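Survey of secondary and tertiary structure
Here is what each chain is made of, one letter per residue.
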Amino acid sequence: MSDQDHVTVNDPRGPVNSGDGPQYNNHYYGTDWLSRKEVETLRIVREDRVRLADRFVRPAGYHVAADRLKEPGTVVLVDGRPGSGRRAAAIMLLHGLAPDDDTGARFDELPAADQDAGPFAPRRGDRFLLDLSGIRDEETYAKAQYDLAVRRSRVQEAGAHLVAVLPSGLDHAHAPDLEPYIIGLGRPRGLAVLTRYLRMDRMVFRPSDLRSAELRQLCDRSPMRELARLARLVRAARDSGRFGTGFAGWLDQAIHAVTDRAGEVGKQVAEARSTAERALLLAAAVFEGARADTVYEVWRGLLRTVGHEEETATELAGTDFGERLTALKIERGPDGRLRFERLAYADAVRTYFWANFPGVRDDLKEWIGSAAGHLDLNLDDRIDLVIRFGGCALAVERPDHLFDLAVRWADGATGAAGDPRAVAALELGLSHERFGGWFRRRIYDCARSGSPSDGLVRVLTTACCQYLGTTHPEQALVRLHHLAVRGGGAAREARDGLFELAGRDRRLHRLLIDRLSERTHREPRAAAPHLRLLTELLTSDRAGDPPSWPDLFMGWEAVFARPPTDLWGPLVSSWLTGAAEDATREMAPGLMVGATHGRAPALHRLYTIACAWARTASHPARVSVAARFWKDIDQAQYDRAADTRRAGAGPRTTEEAR
């Protein structure tokens with residue numbers, strides 16, 4: 001199996017009718033970080049497709065695409081302007097084929113890039129999403145169209161369904177054979193999208209509340225993701241309790257947040273000429289919600305990081321910290337925590353600094369890396385910090401900054417648990433619409449080469465199990481395999497994660513058997529770690545219920561074909577015990593004998609293992625299983641000897657030859 005296989009699509013809590021732009025998702029240690037942080041995701045499991053459907057407004061052309069997609073083996077290519085919600089429409093088209101998910105069909109996303117391609121074997125009823133909207137150049141698009149043609153053919157043959165989102169601005173580069181499959185989608189009515197969002201958030205308002213000219217202009221021109229953000233800001237204004245008790249006030253604050261904040265921040269930064277003032281503005285924005293003393297300390301740390309020289313006068317002789325905060329319109333609440341007076345102002349400040357001060361981004365990365373370990377920050381504060389920094393770094397196309405910090409935090413972790421900041425950073429990157437593939441490749445490189453620390457191995461394992469295993473299970477399996485065959489204490493955790501992932505799905509279980517078997521054949525001198533994994537994977541307690549006998553037989557063939565035979569004991573004994581305790585597994589011993597193909601050393605080893613196993617208990621069922629096993633071994637030896645004699649003698653007459 002190749003490193004990059006097709007991608008399982010699960011779970012999007014992203015904006016309805018969302019357009020282009022960054023999207024983020026995080027799940028940490030069983031806590032619903034996603035709901036709390038409002039971080040958008042690419043994953044599309046059923047419950048979130050249902051949530052998406054609740055907020056979805058069908059654009060022009062949708063019914064045409066839906067009608068065409070109903071027939072098995074159909075392919076639809078959706079075209080539309082950026083920001084019109086093309087991806088969300090594609091997801092909903094596929095979701096509408098089987099909204100109750102009773103068919104058992106897969107709902108997967110296929111990778112757009114060639115290096116992400118892998119085996120593609122669709123089955124009847126499977127649904128596939130292919131998002132090509134991120135392609136910008138004709139050369140890449142030409143290759144993507146070739147891959148699309150191959151996938152289209154297999155989808156049609158299998159009776160599956162495929163919806164692809166085409167890139168914008170490359171209409172002139174469409175291959176002629178694509179034209180019959182292309183359906184143009186219009187832009188949904190912005191006001192209808194906003195209204196749907198507000199109602200799903202249980203907002204109470206009148207139609208007249210949405211008639212302002214400013215709001216109408218936003219609804220008519222903004223990308224769908226901005227309308228989704230506007231609705232979230234209305235909800236944030238309501239939930240904060242700081243902006244009145246009526247819908248009109250909440251909406252007004254939200255409109256100002258999406259229209260005026262960039263200009264307001266630019267003006268404030270221009271007026272704050274000193275390094276200290278600007279640094280405090282940024283520190284308060286990055287650490288909004290933290291205690292004032294904490295912000296003070298990280299502010300001083302930022303000044304040191306950017307090389308600002310300390311004032312020679314004592315602090316008592318200068319402006320006090322409270323005055324500085326007031327001058328920057330930063331409030332200190334009764335609980336001692338800092339926040340800006342205006343809604344979403346901190347977001348705008350962070351965006352402004354990262355966009356307009358590129359020369360200090362490396363310094364900001366170093367500052368964040370150190371400040372995230374401040375003892376006064378709890379886990380919530382630290383995850384907030386990772387999300388805020390990650391959003392800024394990815395927005396200015398610096399995924400390496402986020403990955404570098406993840407490695408730094410992971411390497412510094414002690415104990416068995418991985419650093420949650422590092423896990424948060426990796427999951428944030430993996431869920432990003434544009435840079436998710438970049439993070440998958442970097443994780444692959446770390447898993448396959450180099451010498452990652454135990455802390456990093458644990459973080460990579462957690463990211464693969466908790467996130468990548470849901471969105472890209474085959475790729476998670478590949479990465480966990482590489483981590484599991486490494487030395488070090490964390491390799492065992494990677495192995496456990498690998499087996500847990502393979503146990504979720506029979507297809508993944510078969511893929512892992514294939515992969516391990518192939519590695520034992522291809523790399524005989526380095527086969528030992530792969531063989532150890534394979535023998536453990538093939539034990540009775542890791543088999544499905546009912547077991548997939550063809551898959552197990554194939555794996556047993558690989559194990560019994562080579563030493564070390566000392567690995568065989570637990571494997572064979574587990575199936576002898578399973579056969580003694582469960583009638584549905586009584587065929588296993590006979591199949592294991594068949595998997596030796598009559599090779600005498602292998603049969604002798606099986607016989608020895610069975611003798612030792614039978615001596616451990618005198619239960620009648622064990623005696624019976626052992627007796628049948630020995631009989632099968634004897635028969636296999638007799639058959640092998642008979643075949644050898646026939647091959648050596650050769651046919652003596654024409655009749656015998658026939």
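Conventions and cut-offs
Residues numbered from 1 in each chain as written. Predicted model: local features only at pLDDT ≥ 70, side-chain atom pairs only at ≥ 80, totals over all residues. Heavy atoms only, no water. Helix = DSSP H or I, 4+ residues; strand = E, 2+ residues; numbered from the N terminus. Contact = heavy atoms within 4.5 Å. Areas by Shrake-Rupley, 256 points an atom, 1.4 Å probe, with all protein chains shown as cover. Phe/Tyr/Trp six-rings, centres within 6.5 Å; stacked < 30°, edge-to-face > 60°. Buried < 20%, exposed > 50% of the residue type's maximum accessible area, 1.4 Å probe, protein only. Salt bridge = Lys/Arg side-chain N within 4 Å of Asp/Glu carboxyl O. Axes fitted to C-alpha atoms, helices over the stretch in contact; angles between N-to-C directions. Parallel < 35°, antiparallel > 145°, perpendicular 65-115°, else oblique. Left-handed = near helix turned anticlockwise from the far one by under 90°. Core = buried A, V, L, I, M, F, W, Y, C linked by side-chain atoms within 4.5 Å. Pairing = 2+ DSSP bridges. Right-handed = clockwise from strand over helix to strand, strands pointing away. pLDDT = per-residue confidence, 0-100.

Quick notes on the overall build of the protein
When helices and strands are tallied, the protein shows 30 helices and 8 strands. Residue pairs in contact within the protein that sit at least 24 positions apart in sequence constitute 75% of those at least 6 positions apart. Working note: accessible area of the protein is about 29,000 Å², and carbon and sulfur atoms make up 50% of it.

So, the packing of aromatic side chains
In the structure shown here, the tally under the stated rule is 18 aromatic pairs. Note on Trp438 and Phe439: the rings are 5.0 Å apart at their centroids and 70° apart in plane angle, and the pair reads as edge-to-face. For Trp438, a relative accessible area of 22% corresponds to the partly exposed category. What links up through ring pairs into an aromatic cluster is the set Tyr296, Trp299 and Phe321.

Quick notes on the pattern of salt bridges
Using the criterion set out here, one finds 33 salt bridges in the structure. Note that Arg421 and Asp419 form a salt bridge whose closest N and O atoms lie 2.8 Å from each other. The residues Arg421 and Asp419 share a single accessibility class, namely buried. Arg542 serves as the salt-bridge partner of Glu536, at 3.5 Å between the closest nitrogen and oxygen. The network of salt bridges with common partners includes Arg106, Asp108, Arg123 and Asp126.

Overview of unusual backbone geometry
With an omega dihedral of 0°, the bond running from Asp545 to Pro546 counts as a cis peptide bond. Despite not being glycine, Arg202 has its phi angle at roughly 60°, a positive value. The topology assignment puts Arg202 in the loop between helix 6 (190-200) and helix 7 (213-221). Since its relative accessible area comes to 73%, Arg202 is described here as exposed.

Thoughts on the packing of helix 14 (residues 345-356) against helix 16 (residues 379-395)
For the pair helix 14 and helix 16, the least separation of the axes is 9 Å and the interaxial angle reads 40°. In this view, helix 14 runs oblique relative to helix 16, as classed from their interaxial angle. The handedness of the crossing between helix 14 and helix 16 comes out as right-handed. Along its contact with helix 14, which presents Arg350, Thr351 and Trp354, the element helix 16 presents Arg388, Phe389, Cys392 and Ala393.

Quick notes on the nonpolar core
One finds Phe287, Trp367, Trp556, Phe560, Trp568, Val572 and Trp575 to be the most contacted residues of the largest nonpolar core, which totals 124 residues. Setting aside residues up to four positions removed in sequence, Trp367 forms contacts with Ala283, Val286, Phe287, Val298, Gly301, Leu302 and Thr305. Residues Leu210, Ala228, Leu230 and Leu343 belong to the second largest nonpolar core, which totals 29 residues.

Describing the environment of Pro207
Tracing the backbone through its elements, the reader meets Pro207 in the loop between helix 6 and helix 7. Along the sequence, Pro207 and Thr195 sit 12 residues apart, while their C-alpha atoms lie 9.1 Å from each other.

Some remarks on the side chain of Thr74
Turning to its location among the elements, Thr74 is positioned in strand 2 (residues 74-79). The buried category is assigned to Thr74, whose relative accessible area is 13%. When neighbours within four sequence positions are excluded, Thr74 is seen to be in contact with Arg68, Leu69, Val155, Ala160, His161 and Leu162.

A word on the pairing of strand 4 (residues 127-131)
In terms of burial, strand 4 is a largely internal element, 5 of the 5 residues being buried. The two faces of strand 4 match: Arg127, Leu129 and Asp131 on one face and Phe128 and Leu130 on the other face are all buried. As judged from the 4 bridges shared by strand 3 (residues 107-110) and strand 4, these two strands associate in the parallel manner. In the sheet register, Asp108 faces strand 4, and the bridge partner there is Phe128. Sheet analysis places strand 4 next to strand 5 (residues 161-165), joined by 5 bridges and oriented parallel. By the bridge assignment for strand 5, Leu130 is matched with Ala164.

Focus: the pairing of strand 5
Within strand 5, 5 of the 5 residues are buried, leaving the element largely enclosed by the surrounding structure. The side-chain alternation of strand 5 yields two buried faces, one formed by His161, Val163 and Val165 and the other by Leu162 and Ala164. Here strand 2 runs beside strand 5; their pairing, made up of 5 bridges, is parallel. Its bridge partner lying in strand 5, Val75 is registered against Leu162. On the question of chirality, the crossover connecting strand 4 to the parallel strand 5 by way of helix 5 (residues 138-158) is right-handed.

Some remarks on the confidence of the model for the protein
A residue-level look at the protein finds 87% of positions with pLDDT of 70 or above and a mean pLDDT of 85. Across residues 1-16, where pLDDT falls below 50, the model places 103 contacts with residues more than four positions away in sequence or in other chains. Overall, residues 651-658 carries pLDDT values under 50, and its contacts beyond four positions in sequence, including any with other chains, amount to 2 contacts.

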